[in-house]
Amino acid sequence: MLRLIIGVAAGYVLGSKAGRARYEQLSAATRAVAGSPVTRKLVLVGRQRLSDRLSTQQKLEPMEPLDERTTILVPHDQLRRGAR
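Residues numbered from 1 in each chain as written. Predicted model: local features only at pLDDT ≥ 70, side-chain atom pairs only at ≥ 80, totals over all residues. Heavy atoms only, no water.

### Concerning the overall build of the chain
Piece 1. Tallying secondary structure elements over the chain gives four helices and two strands in all.
Piece 2. Going from the N terminus to the C terminus, the chain shows its helices and strands as α-α-α-β-β-α.
Piece 3. With 84 residues in all, the chain has 6% of them scored as buried.
Piece 4. Accessible area of the chain: about 7900 Å², with a carbon and sulfur share of 59%. (Helix = DSSP H or I, 4+ residues; strand = E, 2+ residues; numbered from the N terminus. Buried < 20%, exposed > 50% of the residue type's maximum accessible area, 1.4 Å probe, protein only. Areas by Shrake-Rupley, 256 points an atom, 1.4 Å probe, with all protein chains shown as cover.)

Written out as structure tokens, the structure is:
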């Protein structure tokens with residue numbers, strides 16, 4: 001989706017007859033959106049969610065620590081089954 005938006009914006013800029021002023025205006029707006037901490041956070045969260053959905057590894061949840069240095073990790077499905 002982001003690539004589509006970038007492509008449309010680039011096509012508009014390259015095909016536009018609005019001139020340099022409009023190009024500068026669009027360029028500044030693009031830099032402001034891309035550099036925004038909110039945008040960066042949304043991209044990071046989106047990438048993490050996608051990575052989590054595409055991951056083939058079992059998710060592990062920490063259990064009670066045995067001591068200060070040891071923690072047991074159990075797959076989610078086994079943890080859920082054992083809790084019932």
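### What to know about a nonpolar patch on the surface
Piece 1. Together, Met-1, Leu-4, Ile-5 and Val-8 make up a nonpolar patch on the protein surface, roughly 470 Å² of accessible area in all.
Piece 2. Positionally, Leu-4 belongs in helix α1 (residues 2–15). (Patch = residues over 30% accessible without salt bridge, like charges linked within 9 Å, V, L, I, M, F, W, Y side chains within 5 Å. Salt bridge = Lys/Arg side-chain N within 4 Å of Asp/Glu carboxyl O.)

### Overview of the confidence of the model for the chain
Piece 1. Looking at the chain, the pLDDT average stands at 77 and 74% of residues meet or exceed 70.
Piece 2. Mean pLDDT per element in the chain: helix α4 (residues 76–83) is the minimum at 56, and helix α3 (residues 37–54) is the maximum at 90. (pLDDT = per-residue confidence, 0-100.)

### Details of the side chain of Ser-27
Piece 1. Within the secondary structure layout, Ser-27 lies in helix α2 (residues 20–35).
Piece 2. Only 2.7 Å separates the side chain of Ser-27 from the side chain of Arg-31, close enough to count as a polar contact. (Polar contact = N/O pair within 3.5 Å; in protein donor to acceptor, adjacent residues only side chain to side chain.)

### Topic: the layout of surface pockets
Piece 1. Considered as a void within the structure, the largest pocket measures approximately 550 Å³ in volume.
Piece 2. Lining the largest pocket are 18 residues, with Leu-2, Ile-5, Ile-6, Thr-30 and Val-33 sitting closest to its centre.
Piece 3. Going through the elements one at a time, α1, α2 and α3 are the ones with two or more residues in the lining of the largest pocket.
Piece 4. Split by residue class, the lining of the largest pocket holds 14 nonpolar, three polar and one charged. (1 Å grid on protein atoms, 1.4 Å probe; cavity = no way out; pocket = protein on both sides within 12 Å on 5 of 7 lines; lining within 4 Å. Points joined across faces, edges and corners; volume = space filled by probe spheres on them. Nonpolar A, V, L, I, M, F, W, Y, C, P; charged D, E, K, R; others polar.)

### Let's talk about α3
Piece 1. Over its 18 residues, α3 runs 26 Å from end to end, which matches the ideal 26 Å to within 8%, given 1.5 Å per residue.
Piece 2. Of all 18 residues in α3, zero are buried; the element is thus mostly exposed.
Piece 3. N-capping of α3 is provided by Ser-36, with a side-chain oxygen placed 3.2 Å from the backbone N of Val-38. (Expected span 1.5 Å × (residues − 1).)

### Digging into the environment of Leu-26
Piece 1. Mapped onto the secondary structure, Leu-26 falls in helix α2.
Piece 2. Judged by relative accessible area, which is 23%, Leu-26 ranks as partly exposed.

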